[in-house]
Amino acid sequence: MKYRPSSEPSPLPYSPFKSCTVPRPIGWLSSVSAAGIENIAPYSQWQNLTFDPPMVMFSANQYPDGRRKDTVLNAEETGWFVWNMATYDLREAVNLSAMALPPEESEFDRLSVTREYADNACIPMVKESPVKFECRYLGTHRLKGNSPVGSIDIVFAQVETIHIDDRIITADGKLDIAAIKPIARLGYFDYAVVKDTFEMRVPGADADARFGLEGRAASR
């Protein structure tokens, strides 16, 4: 089977595109508007960009009526947002925060999580999340789609402060991913949870790993 998505409808009853690019880390992003309304929402198009300095990005599709997402507007207005790691224990709160609410309502008011506030700006964070990034907004790149909902804002930011719960740090100074159980987005309404990990070392790359260069030898 093959098809051209720009000119042909999917031959399957459900579009396979998002189920091919998996698993995708979840950008569970909290922010605040210029009017002080606190917001949190999950984005499945989220990723790190580089490590020196650490930079991240997320892309947000517009609503069908052309409105832009609150997280994007809040980041542009205030200059900050926070990434909260989405875990299996927090899955229900992550899912509930995906509701489309009016801008004057806060998703936090509907979640059973504890708010704590970032150091660099008065941005709410999820205390129960084991890892948080305080992200300073750098810029937005807009790409026009074939429809209003297909158009996206790609937001770039620099990570200024990283919060890690000491309880999920192993004796040798690594994050205990199996204990954290981060969740990831698949296609359709499906998710995955990371419970098992395995190690493969690129020959000659042991020293690089301490500086976030694990894949350098493989990418040459």
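Here is what the cut-offs are and how they apply
- Residues numbered from 1 in each chain as written.
- Predicted model: local features only at pLDDT ≥ 70, side-chain atom pairs only at ≥ 80, totals over all residues.
- Heavy atoms only, no water.
- Helix = DSSP H or I, 4+ residues; strand = E, 2+ residues; numbered from the N terminus.
- Polar contact = N/O pair within 3.5 Å; in protein donor to acceptor, adjacent residues only side chain to side chain.
- Pairing = 2+ DSSP bridges.
- Axes fitted to C-alpha atoms, helices over the stretch in contact; angles between N-to-C directions.
- Salt bridge = Lys/Arg side-chain N within 4 Å of Asp/Glu carboxyl O.
- Buried < 20%, exposed > 50% of the residue type's maximum accessible area, 1.4 Å probe, protein only.
- Phe/Tyr/Trp six-rings, centres within 6.5 Å; stacked < 30°, edge-to-face > 60°.
- Lys NZ or Arg CZ within 6 Å of the ring centre and 35° of its normal.

**Student:** Any chance you could explain the environment of Thr140 here in plain terms?
**Tutor:** By the secondary structure assignment, Thr140 is in strand S9 (residues 131-143). One polar contact links Thr140 to Tyr137, side chain to side chain, over a distance of 2.7 Å.

**Student:** Teacher, can you tell me more about the sheet that holds strand S2 (residues 27-32) here?
**Tutor:** Sheets are built from strands that pair by backbone hydrogen bonding, the pairs being arranged parallel or antiparallel. Pairing within the open sheet is antiparallel, and its 7 strands lie in the order S3-S2-S6-S9-S10-S5-S4. A strand with exactly one partner marks an edge of an open sheet, and here the two such strands are strand S3 (38-43) and strand S4 (46-51). Each strand of the sheet is rotated relative to its neighbour by a mean of 30°, with strand direction disregarded.

**Student:** What is the right way to look at the pattern of salt bridges in this model?
**Tutor:** If charged atoms from side chains of opposite charge come close, those side chains can pair. Under the criterion given, the structure shown has 14 salt bridges. Across the pair Glu199 and Lys174 runs a salt bridge, and its minimum N-O distance is 4.0 Å. Of this pair, Glu199 sits in the loop between strand S12 (191-193) and helix H5 (206-209) while Lys174 sits in the loop between strand S10 (152-164) and helix H4 (177-180), placing them 25 residues apart in sequence. Glu199 sits in the exposed class, given a relative accessible area of 55%. Residues joined by salt bridges that share partners form a network here, namely Arg68, Glu76, Arg142 and Asp153.

**Student:** Mind showing me how you'd approach the packing of aromatic side chains here?
**Tutor:** The geometry of an aromatic ring pair comes down to the distance between the two centres and the angle between the two planes. Considering all chains together, one arrives at 5 aromatic pairs under this definition. Seen in terms of ring centroids, Tyr14 and Tyr188 are 5.9 Å apart; in terms of plane orientation they differ by 70°. Their pairing is edge-to-face. Of the two residues, Tyr14 is situated in the segment before helix H1 (17-20) and Tyr188 in the loop between strand S11 (183-185) and S12; the sequence distance between them amounts to 174 residues. Measuring from ring centre to ring centre gives 4.5 Å for Trp83 and Phe133, while their planes differ by 50°; the resulting arrangement is tilted. Placement of the pair is Trp83 in strand S6 (residues 80-84) and Phe133 in strand S9, with a sequence separation of 50 residues. Note on Phe133: relative accessible area 19%, which makes it buried. Linked through ring pairs, Tyr43, Phe58 and Phe81 together constitute an aromatic cluster. Above the ring of Tyr63, the side-chain terminus of Lys69 is found at 5.1 Å from the ring centroid. Of note, Lys195 hangs over the ring of Tyr88, and the distance from its end group to the ring centre comes to 5.8 Å.

**Student:** Mind showing me how you'd approach the sheet that holds S11 here?
**Tutor:** Strand order in the open sheet formed by 3 strands is S1-S11-S12, with antiparallel pairing between adjacent strands. At either end of the open sheet lies a strand with only one pairing partner, and these are strand S1 (24-25) and S12. Pairing of S1 with S11, which is carried by 2 bridges, proceeds in the antiparallel orientation. Paired with Pro25 across the two strands is Ala184, which belongs to S11.

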